[in-house]
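# Overview (structure and organization)
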Amino acid sequence: MTIEKTLFAAADKMRGSMDPGEYKHVALGLLFLRYISIAFQRKYDELLPEGQEVAEDVDEYMADGIFWVPEAARWRTLSAQSKDPKIGVKVDDAMRAIEAENDQLK
């Protein structure tokens, strides 16, 4: 089985009875969240040797064109809560928090 078929099969299983037109918004939102989380985490790991205060400085990320991701919206935080029945609400809250912290997303 090719990677494409595997990914589509997984997406169909996760989608369940949701309309494909609606599901694309969910899938794209999660992809966006994962993408910005990876970029954020790389920069965070780069800055951490300089100290926690430097690693949590929003300006350090903005200077490199990286979105600031609040703690509650970070992928590692959300993935640790993935079994929580309210994970959908938490993801929605995470997206709102990211938008609130990054004016260019409004």
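Residues numbered from 1 in each chain as written. Predicted model: local features only at pLDDT ≥ 70, side-chain atom pairs only at ≥ 80, totals over all residues. Heavy atoms only, no water.

### Quick word on helix H6 (residues 87-101)
The criterion, for reference: Segments assigned H or I by DSSP are reported as helices when at least four residues long, segments assigned E as strands when at least two residues long, and all are numbered from the N terminus. Working rule for helices: expected span equals 1.5 Å times residues minus one. Throughout this description, buried means an accessible area under 20% of the type-specific maximum (1.4 Å probe, protein chains only), exposed means over 50%, and partly exposed covers the range between. An arc is given here, and it is the one of the directions from the helix axis to the C-beta atoms.
Taking 1.5 Å per residue, 15 residues should reach 21 Å; H6 reaches 21 Å between its end C-alpha atoms and fits that length. Burial in H6 covers these residues: Val91, Ala94 and Ile98. One side of H6 holds all its buried residues, which, seen down the axis, span an arc of 55°.

### Topic: the side chain of Ser37
Here is the rule: The contact criterion used is simple: two residues touch if any of their non-hydrogen atoms lie within 4.5 Å.
With respect to the helices and strands, the residue Ser37 is situated in helix H2 (residues 20-47). Judged by relative accessible area, Ser37 falls into the buried class, the value being 6%. What Ser37 contacts, discounting residues up to four positions off in sequence, is Ala73, Arg74 and Trp75.

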